Amino acid sequence: MTSLHLRAADAGLGFHFQSEFSGGIVNMEPEMEDKTLELMNTSGMESQNLVDDLSPKKNTVLKLSNGPVVGSRKRPSEGNYEKEKEHCIALFDQWSEADQVEFVERLISRMCHYQHGHINSYLKPMLQRDFITALPAQGLDHIAENILSFLDARSLCSAELVCKEWQRVISEGMLWKKLIERMVRTDPLWKGLSERHQWEKYLFKNRTSEVPPNSYYHSLYPKIIQDIETIEANWRCGRHNLQRIQCRSENSKGVYCLQYDDDKIISGLRDNSIKIWDKQSLECLKILTGHTGSVLCLQYDERVIVTGSSDSTVRVWEVTTGEVLNTLIHHNEAVLHLRFANGLMVTCSKDRSIAVWDMASPTDISLRRVLVGHRAAVNVVDFDDKYIVSASGDRTIKVWSTSTCEFVRTLNGHKRGIACLQYRDRLVVSGSSDNTIRLWDIECGACLRVLEGHEELVRCIRFDNKRIVSGAYDGKIKVWDLQAALDPRAPASTLCLRTLVEHSGRVFRLQFDEFQIISSSHDDTILIWDFLNVSTNGQSEGRSPSRTYTYISR
């Protein structure tokens, strides 16, 4: 029977295959790379049987080498190939899609790995879809913008370089503006920078003539990153500008407590007064008097200031007028600390008790429960919706249920009385007269880390997501790496980032945020340590020029 060489190829699928079967040997020549397919068949068979005759004879031998597969049979003439190819394509076009797929699968199953690679390279770009470009063409720009809005800064930069259409979607969608807005909403450092550098006025606004183009936000982003890196370096290196308020109390000297916001600092003094300071000019705006003992603790919100005193009372003041709205008389000795939030207030006293109050309004405050269990003065309290946490001179920290006021557990570990504490989420950080700071897991009561470095009683402590800042009777303020402290593998020598020394007396209280520390001391001063606006003109590391305001009582 006369043999007929048929060749078939599907240009649309982009692959070709060539094989010859003779004497049980498959011969594949280097010219296979021209993407051709040779089918062996007889002239009287139907197209479906073309594939069946491709089955190799028994004892087929495939010769492999590092280069192209080499065989002994010669390639048919080019004239025959063109005719055979066209004939096979014509047959292929007549089949249904399902038959075409089955036919191609049979062909691919007979190919070698090298040929599969060629097919894969050809199919990859055919299967890819540029949906960012395709969506706007269908009037769905907002979907393309929404997809790209989830990218971080590095990915957004790369996306702008893909093509002009991607760049247009990013620009018209104001995606750099949206990225900055997302960071400001979720990160206190970004929020603080937006307020201090006044670019917040260009955020969270619809497209108006007041809103700059996308290019403004694109160039703003790296500037913000540079500011953040500078601030972090200033914290690590202790670089700061220092401002000093000299309170100049006439009788007893010392600032026992303070709290601040962007506009003011409110301080409680040993001379029984509460002084309100302008945070920008450092001038004393107002003096509140009424307590007959030192003001040992305070907290304020947008409506009221609540203070506790060594005269055993708690007073509630109107924050704008300074008027006394309420006086709570319950404790038998000095009120050492207090906290309030969401209609609940907790006070603690030298009388060893903790009082839990319901605050319906500034003038309607009622006692809910008294918690008793400490064997010495209760120096500090903190709470959230789940727990009330108290610390005492009896060396213990006690945990109570906020909802029921029932005792939960005791945290033991400090060698001497505990002077300060902060509680948030599962973490409790405490400072003691044993000169150490301890980190605790409130749920299981385990001590996670002991920080050593202060030389005297640790009097005040605060922490955020990055740092712990502590002040002690040695006059020093220490900045600790919180994340390293929570890592049991971190060496103790790496935990203290910086020690700040400017106070000449015991440090009584401090508060801090991403940009500054504000501290008060027995030396009758309030210090503002500014890590954002740092002058580098000839200043040695860790020391910065100070601006002093002296208040003289009349």
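Note that this is a predicted model, so its numbers are computed, not measured.

1. Some remarks on the packing of aromatic side chains
Thought 1: Under the counting rule described, the total for this entry stands at twelve aromatic pairs.
Thought 2: Taken together, the ring pairs in this structure connect Phe-92, Trp-95 and Phe-103 into an aromatic cluster.
Thought 3: Positioned over the ring face of Tyr-473 is Arg-506, at 4.2 Å from the centre of the ring.

2. A word on the UniProt feature "repeat: WD" (unreviewed entry) in the protein
Thought 1: Within the UniProt annotation, "repeat: WD" (unreviewed entry) is assigned to residues 248-287, 288-327, 328-367, 371-410, 411-450, 451-483 and 500-530.
Thought 2: With 0% helix and 70% strand, residues 328-367 has its two end C-alpha atoms placed 10 Å apart.
Thought 3: When the span residues 451-483 is considered, its composition is 6% helix and 61% strand, and the gap between its end C-alpha atoms is 13 Å.

3. As for helix 10 (residues 188-196)
Thought 1: Considered for burial, the residues of helix 10 that qualify are Leu-189, Trp-190, Gly-192, Leu-193 and Ser-194.
Thought 2: Buried residues in helix 10 make contact with helix 9 (175-186) and helix 11 (214-237).

4. Points about a nonpolar patch on the surface
Thought 1: A surface patch of nonpolar side chains, amounting to about 240 Å² of accessible area, comprises Phe-131, Ile-143 and Ile-147.
Thought 2: With respect to the helices and strands, the residue Ile-143 is situated in helix 6 (residues 141-148).
Thought 3: By relative accessible area, which is 33% here, Ile-143 ends up partly exposed.

5. Considerations on the pattern of salt bridges
Thought 1: Enumeration according to the criterion identifies 19 salt bridges in this entry.
Thought 2: Put simply, Asp-141 and Arg-168 hold a salt bridge, and the shortest N to O gap is 3.3 Å. In this pair, Asp-141 is assigned in helix 6 and Arg-168 in helix 8 (residues 164-172), connecting sequence segments 27 residues apart.
Thought 3: On the basis of relative accessible area, Asp-141 is assigned to the partly exposed category, the value being 26%.
Thought 4: Under the relative-accessibility criterion, Arg-168 is labelled partly exposed at 26%.
Thought 5: A salt bridge links Glu-406 to Arg-369; the shortest N-O distance between them is 3.2 Å. Pair noted here: Glu-406 is in the loop between strand 20 (396-401) and strand 21 (407-412) and Arg-369 is in strand 17 (residues 364-372), with a separation of 37 residues, a long-range link.

6. Considering the environment of Tyr-256
Thought 1: Along the chain, Tyr-256 falls in strand 6 (residues 255-260).
Thought 2: Along the backbone, Tyr-256 and Phe-508 are 252 residues apart, and their C-alpha atoms lie at a distance of 5.5 Å.
Thought 3: Those residues in contact with Tyr-256 that sit more than four places away from it in its chain are Gly-268, Leu-269, Arg-270, Ser-294, Val-295, Leu-296, Phe-508, Arg-509 and Ser-520.

7. Digging into the sheet that holds strand 9 (residues 284-288)
Thought 1: Spatially, the four strands line up as an open sheet ordered 6-7-8-9, and their pairing is antiparallel. On the outer flanks of this sheet lie strand 6 and strand 9, each paired with one strand and no other. Across this sheet, the average inter-strand angle for adjacent strands is 20°, counted without regard to direction.
Thought 2: Where strand 7 (residues 264-269) and strand 8 (residues 274-278) come together, five bridges link them in antiparallel fashion. Bridge pairing in strand 8 links Ile-265 to Trp-277.

8. As for the packing of helix 9 against helix 10
Thought 1: The N-to-C vectors of helix 9 and helix 10 enclose an angle of 110°; their axes lie 5 Å apart at closest approach. On the basis of their axis angle, the class for helix 9 and helix 10 is roughly perpendicular. In this structure, the crossing between helix 9 and helix 10 has a hand that is left-handed. Contacts between helix 9 and helix 10 involve Ile-180, Met-183, Val-184 and Thr-186 from the first element and Pro-188, Trp-190, Lys-191 and Ser-194 from the second.
Thought 2: Taken together, the residues of the contact of helix 9 with helix 10 break down into five nonpolar, two polar and one charged.

9. Thoughts on the state of the cysteines
Thought 1: Tallied over the full model, the rule gives zero disulfides.
Thought 2: A disulfide-free cysteine, Cys-348 has its sulfur positioned 7.1 Å from the sulfur of Cys-297, the nearest such atom.

10. Side note on the sheet that holds strand 23 (residues 427-432)
Thought 1: Overall, antiparallel pairing links the four strands, which are arranged 22-23-24-25 in an open sheet. In this open sheet, the two edge strands, each paired with only one partner strand, are strand 22 (418-424) and strand 25 (447-452). Averaged over all adjacent pairs, the angle separating strand axes in this sheet is 15°, with direction ignored.
Thought 2: Bridging between strand 22 and strand 23 involves six bridges; their strand directions are antiparallel. Paired with Cys-420 across the strands is Gly-431, a residue of strand 23.

11. Overview of the pairing of strand 26 (residues 458-463)
Thought 1: Here strand 26 lies mainly inside the structure; five of its six residues are buried.
Thought 2: Across five bridges, the pairing between strand 26 and strand 27 (residues 467-472) is antiparallel. Within strand 27, the residue paired with Cys-460 across the bridge is Gly-471.
Thought 3: The hairpin formed by strand 26 and strand 27 contains three residues between the paired strands.

Rules used throughout
- Residues numbered from 1 in each chain as written.
- Predicted model: local features only at pLDDT ≥ 70, side-chain atom pairs only at ≥ 80, totals over all residues.
- Heavy atoms only, no water.
- Phe/Tyr/Trp six-rings, centres within 6.5 Å; stacked < 30°, edge-to-face > 60°.
- Lys NZ or Arg CZ within 6 Å of the ring centre and 35° of its normal.
- UniProt positions renumbered as here; feature names shortened; annotations may be inferred.
- Helix = DSSP H or I, 4+ residues; strand = E, 2+ residues; numbered from the N terminus.
- Buried < 20%, exposed > 50% of the residue type's maximum accessible area, 1.4 Å probe, protein only.
- Contact = heavy atoms within 4.5 Å.
- Patch = residues over 30% accessible without salt bridge, like charges linked within 9 Å, V, L, I, M, F, W, Y side chains within 5 Å.
- Areas by Shrake-Rupley, 256 points an atom, 1.4 Å probe, with all protein chains shown as cover.
- Salt bridge = Lys/Arg side-chain N within 4 Å of Asp/Glu carboxyl O.
- Pairing = 2+ DSSP bridges.
- Axes fitted to C-alpha atoms, helices over the stretch in contact; angles between N-to-C directions.
- Parallel < 35°, antiparallel > 145°, perpendicular 65-115°, else oblique.
- Left-handed = near helix turned anticlockwise from the far one by under 90°.
- Nonpolar A, V, L, I, M, F, W, Y, C, P; charged D, E, K, R; others polar.
- Disulfide = S-S within 2.5 Å.

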